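# Breakdown of the fold
What follows is the residue order along each chain.
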Amino acid sequence: MSKLTPREILTASPVVPVMAIDDLSTAVDLAHALVEGGIRTLEITLRTPAGLDAIRLIKKEVKGAIVGAGTVINEKQLKAVADAGAAFAISPGLHKALAKAGDKANIPLIPGVATPSEVQLALEYGMETLKLFPAEVVGGTAMLKALYGPYANVRFCPTGGITLQSAPEYLALPNVLCVGGSWLTPKDAVANKDWDTITQLAKEAAALKG
């Protein structure tokens, strides 16, 4: 498969689940449950020790999944996730060293921003597809509407505090491609291996934007 662009990655699903894999043995079944429900783009965070191995496993075992890495905060991690087979990397923030690394990386970096200055730093390095984080804290839909004026060419995946109920308001905005959310993978359902519940949550999320 040829390398996907950031916008192709973020329009494959209206919601990108933020997945913190605690138990590697659940990774493949969890990914299968999400893809079965219509959610293809999966963000595996590096917040847990199992993150990199989960990326490798899901890429190998789950057909149809576009698996990437989240919580990538430096050049070393960016290289590690690319080597693990991630299709993309998402960071919670952006600084010049990471921007330079993203510019050279062989996978797309989708950096997190919270201010106009960070948007401009991303643009300086040719990145026009960004994550707004933490979305609800920094102004939510009002912030995105304000950013649309000066940065009409930029598109966002807002993440942080968004729910199934609030997602449609975000998805209706012209500069929003998708939203990030952790509600698709509730810890109790994963721990109990309740994959039917995960698939149902994925179906509800996939139906948000036809």
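- Looking at an unreviewed UniProt entry, one finds the chain named 2-dehydro-3-deoxy-phosphogluconate aldolase, with Kingella oralis ATCC 51147 as its source organism.
- The record held by UniProt for the chain lists under Sequence similarities (unreviewed entry) the comment "Belongs to the KHG/KDPG aldolase family."

## So, the pattern of salt bridges
- On inspection of all chains with the given rule, the structure shows four salt bridges.
- Here Arg7 ties to Glu128 by a salt bridge, and the two come within 4.0 Å at their closest N and O atoms. A residue pair is termed long-range when its members are at least 10 positions apart, and Arg7 in helix α1 (residues 6-11) and Glu128 in the loop between α6 (116-124) and β7 (129-132) qualify at 121 residues.
- Looking at Arg7, the relative accessible area reads 29%, which means it is partly exposed.
- Measuring nitrogen to oxygen at the nearest pair gives 3.1 Å for the salt bridge that ties Lys187 to Asp22. Residue Lys187 is found in helix α9 (residues 187-191), and its partner Asp22 is found in the loop between β1 (15-19) and α2 (27-36); the two are separated by 165 residues along the sequence.

## Quick notes on the packing of α2 against helix α10 (residues 195-206)
- Where α2 meets α10, the axes come as close as 7 Å, and the angle between the chain directions of the two elements is 40°. Seen from above, α2 lies across α10 with right-handed handedness. Contact residues: Asp29, Leu30, Ala33, Leu34 and Glu36 in α2; Trp195, Ile198, Thr199 and Ala202 in α10.
- In terms of residue class, the contact of α2 with α10 is made up of six nonpolar, one polar and two charged.

## Some remarks on helix α3 (residues 51-61)
- Of all the positions in α3, only Gly51, Ala54, Ile55 and Ile58 are classed as buried. Taken around the axis of α3, the buried residues stretch over an arc of 105°, which confines them to a single face.
- Tucked into the core, α3 has its buried residues touching α2, β2 (41-45), β3 (66-70) and α4 (75-83).

## Notes on the environment of Glu8
- Along the chain, the position of Glu8 falls in helix α1.
- For Glu8, a relative accessible area of 42% gives the class partly exposed.
- Sequence separation between Glu8 and Pro134 is 126 residues; the distance between their C-alpha atoms is 23 Å.

What counts, and where the lines are drawn
Residues numbered from 1 in each chain as written. Predicted model: local features only at pLDDT ≥ 70, side-chain atom pairs only at ≥ 80, totals over all residues. Heavy atoms only, no water. UniProt positions renumbered as here; feature names shortened; annotations may be inferred. Salt bridge = Lys/Arg side-chain N within 4 Å of Asp/Glu carboxyl O. Helix = DSSP H or I, 4+ residues; strand = E, 2+ residues; numbered from the N terminus. Buried < 20%, exposed > 50% of the residue type's maximum accessible area, 1.4 Å probe, protein only. Axes fitted to C-alpha atoms, helices over the stretch in contact; angles between N-to-C directions. Left-handed = near helix turned anticlockwise from the far one by under 90°. Contact = heavy atoms within 4.5 Å. Nonpolar A, V, L, I, M, F, W, Y, C, P; charged D, E, K, R; others polar. Arc of directions from axis to C-beta.

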